[in-house]
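Residue-level listing of the chains:
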Amino acid sequence: MATIQGNDRDALADKEQLAAVRIAVDEVDDQIVTLIARRERLIRIAGTLKGDDAEVRAPGRVERIIEHVRSAAEKKDIDPDIVESTYRAMISGFIELELKVHNENS
C-alpha cells in the first residue's frame, strides 16, 4: 500500500487549504452580492428623487464616498487603493443605473 511522502503530503495539504479558502471567498462574495442588491434598491429610490442628471452624477458626493471608504479601509488595515478602485467601478455602474431610473421617471 502506497503512502503519501513529504512533498506530496504538503501539496495535498496546500490543495485542501486552497479549497477551503475558495469556499470562504465564495461565501464572502454571496454576502457582497446581497449588499450590492440592497445598494441597488436604494439607488433606484434615489433616482426617482433627484431633480436632474447633474444631481445624479454628483461628483462631489462621489469624492466624499471615496474619502469615506478609503478611511474605513485604512482603519481596517486593508489596501485603500483596492477599495477605491472597487468603489469607483461600482459607483460608475450605479450612476448609469440611476440615470436610467431618473430619466424614466422624469
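Residues numbered from 1 in each chain as written. Predicted model: local features only at pLDDT ≥ 70, side-chain atom pairs only at ≥ 80, totals over all residues. Heavy atoms only, no water.

A.B. asks: Would you take a moment to explain the overall build of the protein chain for this structure?
C.D. replies: Check the secondary structure of the protein chain and you find four helices and zero strands. Written out in order from the N terminus, the α and β elements of the protein chain read α-α-α-α. In summary, the protein chain has a C-alpha radius of gyration of 21 Å against a globular reference of 13 Å for 106 residues, an excess of more than 25%. Projected onto the principal axes, the alpha-carbon positions of the protein chain cover approximately 75 × 30 × 15 Å. For the protein chain, buried positions account for 19% of its 106 residues. Long-range contacts, defined as pairs at least 24 residues apart, comprise 74% of the intrachain contacts of the protein chain with a sequence gap of at least 6. For the protein chain, the exposed area adds up to about 8200 Å²; of that, 55% sits on carbon and sulfur atoms. Charged side chains of the protein chain number 16 positive and 22 negative; the gap between the two group centres comes to 4 Å. (Helix = DSSP H or I, 4+ residues; strand = E, 2+ residues; numbered from the N terminus. Rg over C-alpha atoms; globule rule 2.2 N^0.38 Å. Buried < 20%, exposed > 50% of the residue type's maximum accessible area, 1.4 Å probe, protein only. Contact = heavy atoms within 4.5 Å. Areas by Shrake-Rupley, 256 points an atom, 1.4 Å probe, with all protein chains shown as cover. Lys, Arg positive; Asp, Glu negative; His and termini not counted. Charge placed at Lys NZ, Arg CZ, Asp CG, Glu CD.)

A.B. asks: I would appreciate a short explanation of the pattern of salt bridges in the present structure.
C.D. replies: Pairing of side chains with opposite charge becomes possible as their charged atoms draw close. Summed over the entire model, instances satisfying the criterion amount to six salt bridges. Measuring nitrogen to oxygen at the nearest pair gives 3.0 Å for the salt bridge that ties Arg44 to Glu40. On the criterion of helical spacing, the pair formed by Arg44 and Glu40 is a turn pair, its members being four residues apart in helix α1 (residues 6–49). Here Glu40 falls in the partly exposed class, since its relative accessible area comes to 29%. (Salt bridge = Lys/Arg side-chain N within 4 Å of Asp/Glu carboxyl O.)

A.B. asks: How should the nonpolar core be read in this particular structure?
C.D. replies: Nonpolar side chains tend toward joint burial in soluble globular proteins. By size, the foremost hydrophobic cluster in this structure holds 10 residues: Val56, Val62, Ile65, Ile66, Val69, Ala73, Val83, Ile91, Ile95 and Leu99. Contributing elements (two or more residues each) for this core: α3 (59–75) and α4 (80–104). Apart from residues no more than four positions distant in its own chain, Val62 is found in contact with Arg57, Arg88, Ile91 and Ile95. Judged by nonpolar contacts, the second largest core, of five residues, contains Ile43, Phe94, Leu97 and Val101. (Core = buried A, V, L, I, M, F, W, Y, C linked by side-chain atoms within 4.5 Å.)

A.B. asks: Please explain α3 as it appears in this structure.
C.D. replies: Given 3.6 residues per turn, any residue in an α-helix points the same way as the ones three and four places further on. Helix length check: α3 (17 residues) gives 24 Å between terminal C-alpha atoms against 24 Å at 1.5 Å per residue, within 8%. Listing the buried residues of α3 in full gives Val62, Ile65, Ile66, Val69 and Ala73. Along the axis of α3, the buried positions cluster into a sector of 100°, meaning they face one direction only. Along α3, the residues that are exposed and aim more than 90 degrees away from the buried face are Arg64, Glu67, His68 and Lys75. At the exit of α3 stands Asp77, carrying a positive phi of roughly 60°. (Expected span 1.5 Å × (residues − 1). Arc of directions from axis to C-beta.)

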